[in-house]
Amino acid sequence: MHGAGHLLEVFYLLIAAQVFAFLFKRLNQPVVIGEVLAGVLVGPALLGWVHEGEILEFLAELGAIFLLFMVGLETRLRDILAVGKEAFLVALLGVALPFLGGYLYGLQIGFETLPALFLGTALVATSVGITARVLQELGVLSRPYARIILGAAVIDDILGLIVLAVVNGVAETGQVEVGAIVRLILLSVVFVGLAVFLSTLIARLPLERLPVGSPLGFALVVGVGMAALAASIGLAPIVGAFLGGMLLSEVREKYRLEEPIFAIESFLAPLFFAMVGVRLELSALASPAVLVAGTVVTVIAILGKVLGGFLGALTQGVRSALTVGVGMAPRGEVGLIVAALGLKAGAVNQEEYAIVLFMVVFTTLFAPFALKPLIAWTEKERPAKE
């Protein structure tokens, strides 16, 4: 009955996600928000039909991996490199501004130095899965602003991990672990360099002659393998999956890879977004102090990313730059992981954790709602430029 119970939970998640996706599509709203709210409905916050567990968490992570693998498959490496300067600036400013804002506000409301550092760190990393789904849904993954967002998300993840390594090291040992930080930077650079090297190699490979069952089988090995490799060196698996997709982007049409991989993503990605909703502890948001501080932190989190993205991508025009900034706004599970580490290390208390939770919920909901009309506004500018 254990297996049957898990199957039933997957069924509840899928049917709720599909129904809410249908409703939100009919209302002309981002589908991803419907999928998150579906998880809230069937999760502990309301009906209690689905609860967190290792198997569902793993399926959800696979959903995020295949979503970013699919997005990478539709993104050529040369297109990312073409906006590399903007992507780096967006990532750098989008890490520095929210971190500084969160840290200073934490001190302002009476946090000790360490909790204030964790608060700033929780505002740093973008959860690109939410934005990627909206870009994919609207069919704009080939646009320069979309490529800047995706490129910046890879750099953002590396910078975010460095900040986290510094703060976590201070929490655990009272000092900055320089060796661990240098190792993380070197491994990240080698990993991205390996992806660039392999992209030219795979473009020339005759996949049908390799000792594998099919080109699709080879593609799945590359996607999951790159995600696993990224996880093993401390990066987010979705970064590896995205780079794995880019490795195969030059051969996707030749071997018709998009349709079967999209079919897998269509099954798993809604589970990822529904599980975001399942994890939301709405009761933690009821305290008036949390509501006030959480609102201010959410504003800092959004403004920091929007301003960083806007300034970093201003060469693309005002509309595209604003789209980039909003696209970098959602924090998702990344902020919660940072707060959970702080809780575990005793650097953050339950109220401080709830403030981060509040910020995660509202940045996750804000980005898709704001992105859809913003992208429509940005796209109106394209015909005139062209």
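- Looking at an unreviewed UniProt entry, the chain carries the name Cation:proton antiporter, with the source organism given as Thermus composti.
- Check the Subcellular location (unreviewed entry) section of the UniProt entry for the chain; it says "Membrane".

1. Focus on the overall build of the chain
Move 1: Across its full length, the chain holds 16 helices and zero strands.
Move 2: Its C-alpha radius of gyration of 20 Å places the chain within 12% of the 21 Å reference for a compact globule of 386 residues.
Move 3: Expressed as a percentage of its 386 residues, the buried residues of the chain come to 53%.
Move 4: Of the roughly 16600 Å² that the chain leaves accessible, carbon and sulfur atoms contribute 68%.
Move 5: Between the averaged position of the 23 positive side-chain charges in the chain and that of its 28 negative side-chain charges there is a distance of 11 Å.

2. A look at the pattern of salt bridges
Move 1: Applying the stated criterion across every chain, the model contains eight salt bridges.
Move 2: Ionic pairing is found between Glu35 and Arg133, a salt bridge with its closest N-O pair at 3.0 Å. Taken together, the residues span a long stretch of sequence, with Glu35 in helix α2 (residues 31–42) and Arg133 in helix α7 (residues 128–137) at a distance of 98 residues.
Move 3: Between Arg279 and Glu57 there is a salt bridge, with the nearest N and O atoms lying 2.9 Å from each other. On the criterion of sequence distance, the pair formed by Arg279 in helix α12 (residues 258–279) and Glu57 in helix α3 (residues 54–73) is long-range, its members being 222 residues apart.

3. Looking at helix α14 (residues 318–327)
Given 3.6 residues per turn, any residue in an α-helix points the same way as the ones three and four places further on.
Move 1: Burial analysis of α14 places seven of its 10 residues in the buried class, the great majority of the element.
Move 2: Residues Ser320, Ala321, Thr323, Val324, Gly325, Val326 and Gly327 constitute the buried set of α14.

4. Regarding the packing of α3 against α12
Move 1: Contact geometry of α3 with α12 gives a least axis separation of 7 Å together with a crossing angle of 135 degrees. Considering their axes alone, α3 and α12 lie oblique with respect to each other. With respect to the hand of their crossing, α3 and α12 are arranged in left-handed fashion. Across the interface between the two elements, Leu56, Glu57, Leu59, Ala60, Leu62, Gly63, Ala64, Phe66, Leu67, Phe69, Met70 and Leu73 from α3 touch Glu258, Ile261, Phe262, Ile264, Glu265, Leu268, Ala269, Leu271, Phe272, Phe273, Met275 and Arg279 from α12.
Move 2: A per-class count over the contact of α3 with α12 returns 19 nonpolar, one polar and four charged.

5. Some words on the packing of α2 against α7
Move 1: One can describe the packing of α2 onto α7 by two numbers: an axis separation of 9 Å at closest approach and a directional angle of 135 degrees. Taken together, the axes of α2 and α7 lie oblique to each other. Residue-level inspection shows Val31, Val32 and Glu35 of α2 in contact with α7, the latter providing Ile130, Arg133, Val134 and Glu137.
Move 2: Residue composition of the contact of α2 with α7, grouped by class: four nonpolar, no polar and three charged.

6. Let's talk about the environment of Gly335
Move 1: With respect to the helices and strands, the residue Gly335 is situated in helix α15 (residues 332–344).
Move 2: With relative accessibility at 1%, the residue Gly335 sits in the buried group.
Move 3: For the pair Gly335 and Ala122, spaced 213 residues apart in sequence, the C-alpha separation works out to 4.4 Å.
Move 4: In contact with Gly335, other than residues within four places in its own chain, are Ala122, Val356 and Val360.

7. A closer look at the side chain of Gln136
Move 1: Relative to the helices and strands, Gln136 resides in helix α7.
Move 2: Residue Gln136 is classed as buried on the basis of its relative accessible area of 15%.

8. Considerations on the side chain of Thr121
Move 1: Within the element layout of this structure, Thr121 appears in helix α6 (residues 113–122).
Move 2: Take Thr121: its relative accessible area is 3%, and that puts it in the buried class.
Move 3: For Thr121, the side chain forms a polar contact with the main-chain oxygen of Leu117, separated by 2.7 Å.
Move 4: Not counting residues within four places of it along the chain, the set of residues in contact with Thr121 comprises Phe99, Val163, Leu164, Val167 and Val338.

9. Quick notes on the nonpolar core
Move 1: The biggest cluster of nonpolar side chains holds 131 residues, and the ones touching the most others in it are Leu13 and Leu248.
Move 2: When residues of this core are assigned to their parent elements, the largest contribution, 16 residues, is made by helix α8 (residues 144–173).
Move 3: If near-sequence neighbours (up to four positions away) are discounted, Leu248 is found in contact with Phe69, Leu73, Ile202, Phe218, Ala219, Val222 and Leu257.

10. So, a nonpolar patch on the surface
Move 1: Residues Leu8, Phe11, Ile15, Val19, Phe22 and Leu23 make up a contiguous nonpolar surface patch of about 540 Å² in total accessible area.
Move 2: Take Leu8: it is sitting in helix α1 (residues 2–26).

11. Things to note about helix α5 (residues 84–108)
Move 1: In this model, α5 (25 residues) spans 36 Å end to end at C-alpha, consistent with the 36 Å of a helix rising 1.5 Å per residue.
Move 2: Of all the residues in α5, the buried ones are Glu86, Ala87, Val90, Ala91, Gly94, Val95, Pro98, Gly102, Tyr103, Tyr105 and Gly106.
Move 3: Backbone geometry just downstream of α5 places Gly110 in the positive-phi region, at approximately 100 degrees.

12. Quick notes on the environment of Ala367
Move 1: With respect to the secondary-structure elements, Ala367 resides in helix α16 (residues 350–385).
Move 2: Residues Ala367 and Leu243 lie 124 residues apart in sequence; the distance between their C-alpha atoms is 23 Å.
Move 3: Among residues more than four places away in sequence, those in contact with Ala367 are Val326 and Pro330.

13. Let's talk about the packing of aromatic side chains
Move 1: Going through the model one piece at a time under the given rule, you end up with six aromatic pairs.
Move 2: Ring geometry for Phe11 against Tyr12: centres 6.0 Å apart, planes inclined by 50 degrees, an arrangement best described as tilted.
Move 3: Here Phe66 and Phe69 contribute two aromatic rings whose centre-to-centre distance is 6.2 Å and whose plane-to-plane angle is 80 degrees, an arrangement assigned as edge-to-face. Residue Phe66 and its partner Phe69 are located together in helix α3, separated by three residues, close to a single helical turn.
Move 4: Assessed through its relative accessible area of 7%, Phe66 is described here as buried.
Move 5: Members of the aromatic cluster, each reached through a chain of ring pairs, are Phe11, Tyr12 and Trp49.

Cut-offs applied
Sequence order as written defines the numbering, with residues in each chain counted from 1. Whole-chain, interface and lining totals are the exception, using all residues; otherwise, since this is a predicted model, local features are given only for residues with pLDDT of at least 70 and side-chain atom pairs are given and counted only at 80 or more. In computing side-chain properties, one takes all heavy atoms of the structure into account and sets aside hydrogens as well as water. UniProt positions are given in the numbering used here, feature names are shortened, and annotations may be inferred rather than shown by experiment. Under the DSSP-based scheme used, a helix requires at least four consecutive residues in state H or I and a strand at least two consecutive residues in state E, with every element numbered from the N terminus. Based on C-alpha atoms, the radius of gyration is set beside the globule rule, defined as 2.2 Å times the residue count to the power 0.38. Per-residue accessibility, obtained with a 1.4 Å probe over protein chains only, is compared with the maximum for each type, and a residue is labelled buried under 20%, exposed over 50%, and partly exposed between these values. Accessible surface is estimated by sampling points in the Shrake-Rupley manner with a 1.4 Å probe; for residues, cover comes only from the protein chains shown. Under the convention used here, Asp and Glu are negative, Lys and Arg are positive, and both His and the chain ends fall outside the count. The location of each charge is read from NZ of Lys, CZ of Arg, CG of Asp or CD of Glu. We count a salt bridge whenever a side-chain nitrogen from Lys or Arg sits within 4 Å of a carboxyl oxygen from Asp or Glu. With axes taken as lines fitted to C-alpha atoms, and helix axes fitted only over the stretch in contact, angles between N-to-C directions fall between 0 and 180 degrees. Oblique is the label for any angle not covered by the other classes, which are roughly parallel (under 35 degrees), roughly antiparallel (over 145) and roughly perpendicular (65 to 115). The handedness criterion is simple: a crossing whose near helix is rotated anticlockwise from the far helix by less than a right angle is left-handed, and one whose near helix is rotated clockwise is right-handed. Here a residue-residue contact requires only that any non-hydrogen atoms of the pair lie within 4.5 Å. Residues are grouped as follows: Ala, Val, Leu, Ile, Met, Phe, Trp, Tyr, Cys and Pro are nonpolar; Asp, Glu, Lys and Arg are charged; all remaining types, including Gly, are polar. Each polar contact in these results corresponds to two N or O atoms within 3.5 Å; when the atoms are within protein, one needs to be able to donate a hydrogen and the other to accept it, and residues that are neighboring in sequence are counted only if both atoms are side-chain atoms. Within this scheme, the nonpolar core is defined by two criteria: the residues are buried Ala, Val, Leu, Ile, Met, Phe, Trp, Tyr or Cys, and they are joined through side-chain atoms within 4.5 Å. A patch consists of residues exposed above 30% relative accessible area that lack any salt bridge, with like charges linked at up to 9 Å and nonpolar side chains (Val, Leu, Ile, Met, Phe, Trp, Tyr) linked at up to 5 Å. One fewer than the residue count of a helix, multiplied by 1.5 Å, yields its expected span. Two rings from Phe, Tyr or Trp (for Trp, the six-membered ring) form a pair when their centres sit within 6.5 Å of each other. Planes less than 30 degrees apart are called stacked, planes more than 60 degrees apart edge-to-face, and all others tilted.

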